[in-house]
Amino acid sequence: GTTTTSANPPAAFGYHTFPKTVEELVTALQAIDTPESVSLVAAQTSAGVYPGHLPVKISKAAVIAATTTTTTAPSVISLQYVDELCRVEPWVSGGGEEGITVGATTTISQLVGHMLYHALWLHSTGTNDDAKMNILRAATIIKTIAGTHVRDVATIGGNLNMCRNLGFASDLATPLCALNAVATVVDVTHDAGGVAVRRVEPLMAFLTSTPNPNTSTVLLSVSIPLVNVSSDNSAHTSTYFHRVATRSANAHAILNAACTIHHNATTTTITGVDVVLGNAGVMDVPHSNAPKALPTDQITSLLVGRPLSIATIDSFKGSFHVPSGLVEGDYKVAARVMLVKAFIVASLEEAANTSTTSSKNKSYSQLYPSDQGHVYNPTTTKHSEPAMVVGRPISKPDGILHATGTTTYITDISPPKGTLYMSIVMSTVPSGIVKKFGTDALIPLQAINNNNGADHGGEDVPHQPVNTMVANAEEPTTALILPDQKRHKFPLFIGAADLPQWALNRHPDLGGHLGEQDRKGAFPGGYYDFPLVANRLIAYCDQPIGVVIGRTLKEAELGAKAVSAATTYEDAVPSNSPTFPSHLPKVPSILGGRYQGLPIAAIRNHSIKMPEATTDGEDIAGDTTTTAVDFETVLLGQKHFYMENQACLVIPADGATRTKVHLAVHGVQHAGEFVAKAAGYAMNQVEIVQHRMGGSFGGKTNVVHACLAAILSRMYHRPVMVALDRITDTRFQGGREEMQIRSKVVTTTTASSPNSKGEFHHTDFNTLHASGTAFQTIPRIMSVDTITHADVGARVGFSNYTLGAVMPYSIMRCYSPSLSVNNTAIGYLTQSCERTNVRSPGHAEAAIITEAIIDRVAATHNVHSQVVREANFLSSDAALIKPYSKSMYTFPGLYKKMMAVGATSTNGKEDGWASRINSTIDFNKQHVGGRYKKGAAVVPFEYPVGGGQYSAMVVVLPDGSVAVHHSGVEMGQGLVIKSLQAANQELSRVLHQLCEGASDEHGNPKQMSTLPMSLFQSAGNSSHVLPKHGITGGSTSSEGSVDAVVEAAKKIADMLEPFVCMLFGSEVDAPEDDDIVSTTATAEDDVLGEYASLAHTTGASNNNSTKRQLQLLRSQLRRGEFETHTLWARLVALANSMGAHLTATAMNGEDSGSSDYSIYCVGGAEVTVDTYTGAVVVDRVDIMYDAGRSLNPAVDIGQIEGAFIMGLGYVLTEENAHHDTTTGGEVSGGSTWNYKVPSIRELPTQFNVQLMSPGDLDRWLLVNRDVVAASKEDGVKKEDEEVTTQATTASKSNGGKGLVMSSKATGEPPLCIAPCLLSAVRQAVMSSRVDKDLGGYPAISVPYTPDKVVRACGAM
């Protein structure tokens, strides 16, 4: 046996006791009055792993009870030192079954390890193959529970008890029950003279039993039979385990099951089938989700006594019906019912396939394969100018720190002594009036803290008098003496009524601030001012109603949860809600399921008339047929999920007359304005600083928490730290809008080729039908009409931009409907948090809508979607392309290369997507009615980019090092490294002329080199520096910041030019060789020290010193003794000695104007769909991307990968669920328990990313001589039938439209090609539906989670 405990437990302290034996545990339990007043803990249970429950030390029930009865805290008994609960030892049942007994505190990872050990032992002995395979299958399914970090600490006892007592959806209970595990428990009564009764019962009976309210039942151990000793060698028993979840691992199952099939190996006759179902009940209802046995009557009549064959299985498919009531509750009930049958059929098929195959000769690695690996091929080309800094794949300065978790974020800053911690209390109802704040719930917490020692007792925290200058006031105000000088106990609740008069209790509206011109007109009534914290009147669910402050973060968080749970409300409709025209439509059902009847808030209507001709300028020929298609697309939104949650640290200074705020935010200037107004400061009294953000994607524009923290800091003259937990952070942000889109598409069909010039036509794609022939007609899209309904939350805010982007210029981009595109976008005010700009706002939705239109048309005309795409692509000479964009219309080249060879580094045509698409069609033909279906699609996207306004300041310090200030915020997108590369390149150009004419020791001309990157450092962001800031976002921040840095660096280069000229002048005589001080170049790691020495010796503004330095420098230049970095040091020293001020600021676009261009990218996806379970495996993804001349290929490829994977989550896994109307629409997907971002298992098995090479760029920029001729007037030059890249991409014609150093943005566009995944899944699902005569196009809401996919595939 093994043990997992220490022999020396700590002594009891406070409410904690540490028994060492079961007898001591029983004694401790008998000393407790009731079961509710004790908590048994082990491993991480006390940290509150299970969602929705407070840590056991202060449970919700105990908090509520303590407000009316007692302030005594519940007792905590730690189990990790009880020997019997920690042991793992061999076990033999009375029936001769061999196995192991594991103590209840054994971790899940330890259980898996012991099971695999037994399987390996059985494999080495060559006996009992059935037992070996059953163990391996059970261990494999258990390994998908949570993540390794959870399995390593989570105990089997904790998991099973939560399943029994809390209705927890356990993925451990089902496989253990299927293996016929038994539980050893002890029942302890709490009355005087109580007894302890030990008993053994089947684990399933324990899990489904109702707890006795007067008895504590403690699970001591679980015994698991692993080997069934039987003399009948022909009897085979195989157990198969199944689970379906939103994510393949680390996600609770929608439904799980285990199916044990008994059959005779000689006759192949089925002798019995046992099915155990788990998670078939209602969440949070005690023992509802406990495993249950499927009634055997149908199974016995349909299977027992029959041969284990395909014919038997097919007969079972058509005859078996899931018993009514087997699956309880409303949660995904239709899919769960379908899965019951699918799990049984899958088990039978697997047993039938393996019944004649022995596993004795298989290797252990084959029996227990490791996780499938992933092939990753980021492809780029070497830059043609090795001496240049820009264009090199230089790693980000923080890259290693990010990977190792050592990067400093807001919460990593050591807070000053006396820091208070703040947590936000949010409403749990969508409307009403607060009847009573739950402040009484803080009493037991205050009592606990008070009893834990003097350091946790009451403390004087008065509202201190504050001498400050109110914003916009000319003279300092008199001292604000507030009456609250009483002694406070922590945690402490602060509501709207507790805020001082100088505080501005008003929610900052950044979306309205940036879109002031839209406040009237297009969005009537959409701008609704809310308070920072509600003054009793509730306008939307999750609205802040107050804050709780404490001396630790945990103290504040527990207090906020307690107040939120105990706050009561009275139903009411806000009397000051905005009113809207009565003739406008009501909220449609998809959005009104939880928000009843709120009228329209916003309208956007736009249309584009197309030229009355086809894309190639010719009329449609041949016989035509017109078809109209009307369908619906539903998008369920997406939440923010980033590495660093919302956080800030406010540090007051000088008697709170000024303050510094460390804040993770998109724009420090706007944050400074809002925080200053809220806390009654002038903007020069509040400095917002940050060095980096841990991701955002539009989520960190909300500064309510910073405003509240600044108010509290000024009130109490104390630093205040805010660090929102994941659930609060998710509720705090609105995320992507939920949308319902009605589309009407009119098409014509013709027998002509898709494009008369053959620009896009590839290998004929087969029809969807398995027995069909090559397509005969080609659908052309004539017109598209869409109406979009969007849930914008309680205020329009940033939805202004999103709804504007879901417009015709985004829908059908890269396509050219022959007649028109019309779109109306309608936003509805609802009683939920206002939505935010999530990565690619509006454009991502437009891409999904566009590809849904393509697939719906393809299904209507019975052709593959790629046929429709190629028939409707916008050709390179289309009239819709603006003249200045024609030269950069690279999409045709990208698409043709993707279809021919794919996005790999090889040139083999086997990777071309034309052949891959046909391969998936052939696969589906060969597997008619099969379990697995394949799909593939290649989709384009054109992303319009408009430049923002950014500023920069470059400072060359006396030692030659360079500090770069930039208004753009580094949030992981590589803005800093690109800015530093640009500064380096521009300043290195200064030295180029110094190297002209110089030779190395071999007499060869010296090559221009660049300065070491170690000389360049980002100075971060400050609201007191570069106050003219743009909001970081929209993919253009890196390029905009680089542009501004380049302009500032050019100004410094201009300052240094006179000093460069001096080095070649004749007014200073060169010294004799004997007078020259010998100097050699230093190593790069000693550069800074050398520079410091040079600055010290030459910094004085002295004519003789300057003359001497100039003589030395000129002489050594002639001899070629200096390396570039040393030349730079001498040059800076010379400039400083003559009083130069090497500092410059600049705005982007000062010379070139804002960047305004299009980005083209093409994405291909191949998937395999399990039609039994709805699981989707992404087999391969290829991306080809036009990044122009990439500023940093390594960073840009990383951005492309990350954006696409975020899009994968949006369309496949991230289900943004809400509670129904009875609970007011409170977010239920706020934690990682319900909301699943992609994990490593969801990544494409093969993932290829390729940036467009300079050679391809040169070939594709101009597609015909007509465009060349038309472009000559715009400054585009032609040289030897080839136009150079820089001449075209740097063109400033047509209103100053151009790029930043010939580069293009990469942050957001790749997300917009994630719909290739949806299209590929639809191809697979449509194949399954056609096999079952269910029709073609599947109506599935996004994301395509397994439960939706399995329903779309149709019942067996």
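Novice: Can you explain the overall build of the chain? Please cite residues and give values.
Specialist: A count of helical and extended segments in the chain gives 40 helices and 39 strands. Here the chain holds 1356 residues, and the buried ones make up 59% of them. The contacts of the chain with a sequence gap of at least 6 include a subset with a gap of at least 24, amounting to 80%. Carbon and sulfur atoms make up 52% of the accessible area of the chain, which amounts to about 51,700 Å² in all.

Novice: Give me the lowdown on the packing of aromatic side chains, citing residues and values where you can.
Specialist: Using the criterion set out here, one finds 13 aromatic pairs in the structure. Positioned over the ring face of Trp-913 is Arg-916, at 5.5 Å from the centre of the ring.

Novice: Account for the packing of helix 23 (residues 843–861) against helix 39 (residues 1315–1331), with residues named and values stated.
Specialist: Two measures define how a pair of helices packs: the angle their axes make with one another and the distance between the axes. As a packed pair, helix 23 and helix 39 sit with axes 9 Å apart at the nearest point and diverge in direction by 25°. By the angle between their axes, helix 23 is roughly parallel relative to helix 39. The two elements helix 23 and helix 39 meet at a crossing, and its hand is right-handed. In this structure, helix 23 contributes Ala-847, Ile-848, Glu-851, Ala-852, Asp-855 and Ala-859 to the contact, and helix 39 contributes Pro-1315, Leu-1318, Ser-1319, Arg-1322, Gln-1323 and Met-1326. Taken together, the residues that form the contact of helix 23 with helix 39 break down as 7 nonpolar, 2 polar and 3 charged.

Novice: Lay out the pairing of strand 31 (residues 932–946) with the relevant residues and their values.
Specialist: With 12 of its 15 residues buried, strand 31 lies for the most part within the structure. As defined by bridge partners, strand 31 adjoins strand 37 (residues 1156–1170) across 15 bridges and the pair is classed as antiparallel. Looking across to strand 37, one finds that Ala-937 is bridged to Ala-1165.

Novice: Can you lay out the sheet that holds strand 5 (residues 98–103) for me, pointing to particular residues and giving the numbers?
Specialist: Sheet strands pair via backbone hydrogen bonds, and the direction of the pair is either parallel or antiparallel. With antiparallel pairing, the 5 strands of this open sheet are ordered in space as 4-5-8-6-7. The sheet terminates laterally at strand 4 (88–92) and strand 7 (196–202), the two strands that pair on one side only. Strand-to-strand, the axes of this sheet are offset by a mean angle of 25°, without reference to chain direction. One ladder, built from 7 bridges, connects strand 6 (residues 182–189) with strand 7; its direction is antiparallel. Paired with Asp-187 across the bridge in strand 7 is Val-197. Of the strands in this sheet, strand 6, strand 7 and strand 8 (215–227) are in contact with helix 1 (residues 22–30), which crosses strand 6 at around 40°.

Novice: Go over the pattern of salt bridges, please, and point to the residues and values.
Specialist: Applying the stated criterion across every chain yields a total of 37 salt bridges. For Arg-87, the salt bridge goes to Asp-83, with nearest N and O atoms at 2.4 Å. Residue classification places Arg-87 among the partly exposed residues on the basis of a relative accessible area of 28%. A residue is classified by how much of its surface remains accessible, and Asp-83, at 33% relative accessible area, is partly exposed. For the salt bridge of Asp-1170 with Arg-931, the shortest nitrogen-to-oxygen distance reads 2.9 Å. Pair noted here: Asp-1170 is in strand 37 and Arg-931 is in the loop between helix 27 (913–926) and strand 31, with a separation of 239 residues, a long-range link.

Novice: Help me get a handle on unusual backbone geometry, residues and values and all.
Specialist: With an omega of -5°, the peptide bond between Phe-490 and Pro-491 qualifies as cis. Tracing the backbone through its elements, the reader meets Pro-491 in the loop between strand 17 (487–488) and strand 18 (492–494). In this structure, the amide linkage connecting Val-1342 to the following residue, Pro-1343, adopts the cis form with an omega of 20°. Here Pro-1343 lies in the loop between helix 39 and helix 40 (1346–1353). Even without being a glycine, Asn-279 presents a positive backbone phi close to 60°. As for its position among the elements, Asn-279 is in the loop between strand 11 (270–278) and strand 12 (292–293). In this model, Arg-536 sits at a positive phi of 80°, which is unusual for a non-glycine residue.

Novice: Which residues make up the confidence of the model for the chain, and what values do they have?
Specialist: On average, residues of the chain carry a pLDDT of 76, and 69% of them reach 70 or more. When mean pLDDT is compared element by element in the chain, strand 27 (residues 720–723) scores highest at 96, while helix 38 (residues 1293–1296) scores lowest at 31. Here residues 380–386 is a poorly scored stretch, pLDDT under 50, and it has 10 contacts once near neighbours within four places are set aside; other chains count. Under a pLDDT of 50 for its full length, residues 451–458 has, in the predicted model, 13 contacts with residues more than four places off or in other chains.

Novice: I'd love a proper account of helix 1, names of residues and values included.
Specialist: For helix 1, the set of buried residues is Val-22, Leu-25, Val-26, Ala-28 and Leu-29. Seen end-on, helix 1 carries its buried residues on one side only, within an arc spanning 160°. Facing away from the buried surface of helix 1 by more than 90 degrees, the exposed residues are Glu-23 and Thr-27.

Novice: Could you give an account of the side chain of His-662, naming the residues involved and the relevant values?
Specialist: In this structure, His-662 sits in strand 25 (residues 658–663). In this structure, His-662 is in contact with Ile-410, Ile-413, Ala-647, Cys-648, Leu-649, Ile-651 and Val-689, ignoring residues within four places of it in sequence.

Novice: Could you give me a rundown of the sheet that holds strand 21 (residues 568–570), with the residues and numbers involved?
Specialist: Ordered by their spatial adjacency, 3 strands build an open sheet running 19-15-21, and the pairing between neighbours is antiparallel. Pairing within the sheet leaves two strands with one partner each, and these edge strands are strand 19 (537–538) and strand 21. Sheet topology places strand 15 (residues 432–436) next to strand 21; 3 bridges connect them, and they run antiparallel. Bridge pairing in strand 21 links Ile-433 to Glu-570.

Novice: Which residues make up the nonpolar core, and what values go with them?
Specialist: In summary, soluble globular proteins display a tendency toward joint burial of nonpolar side chains. Counting 100 residues, the largest nonpolar core has Ile-781, Ile-853, Phe-1204 and Leu-1317 as its most contacted members. Counting residues per element, this core draws most heavily on helix 23, at 11 residues. What Leu-1317 contacts, discounting residues up to four positions off in sequence, is Ala-1165, Val-1167, Val-1178, Val-1181, Phe-1204, Leu-1208, Val-1211 and Leu-1212. In this structure, Val-102, Val-188, Leu-203 and Val-227 belong to the second largest nonpolar core, which totals 59 residues.

Novice: Can you lay out the environment of Cys-707 for me, pointing to particular residues and giving the numbers?
Specialist: Among the secondary structure elements, Cys-707 is positioned in helix 20 (residues 704–716). For Cys-707 and Lys-677, which are 30 residues apart along the polypeptide, the C-alpha to C-alpha distance reads 8.5 Å. Excluding anything up to four places from it in sequence, Cys-707 contacts Pro-508, Leu-532, Phe-674, Val-675 and Ala-678.

Rules and cut-offs
Residues numbered from 1 in each chain as written. Predicted model: local features only at pLDDT ≥ 70, side-chain atom pairs only at ≥ 80, totals over all residues. Heavy atoms only, no water. Helix = DSSP H or I, 4+ residues; strand = E, 2+ residues; numbered from the N terminus. Buried < 20%, exposed > 50% of the residue type's maximum accessible area, 1.4 Å probe, protein only. Contact = heavy atoms within 4.5 Å. Areas by Shrake-Rupley, 256 points an atom, 1.4 Å probe, with all protein chains shown as cover. Phe/Tyr/Trp six-rings, centres within 6.5 Å; stacked < 30°, edge-to-face > 60°. Lys NZ or Arg CZ within 6 Å of the ring centre and 35° of its normal. Axes fitted to C-alpha atoms, helices over the stretch in contact; angles between N-to-C directions. Parallel < 35°, antiparallel > 145°, perpendicular 65-115°, else oblique. Left-handed = near helix turned anticlockwise from the far one by under 90°. Nonpolar A, V, L, I, M, F, W, Y, C, P; charged D, E, K, R; others polar. Pairing = 2+ DSSP bridges. Salt bridge = Lys/Arg side-chain N within 4 Å of Asp/Glu carboxyl O. pLDDT = per-residue confidence, 0-100. Arc of directions from axis to C-beta. Core = buried A, V, L, I, M, F, W, Y, C linked by side-chain atoms within 4.5 Å.

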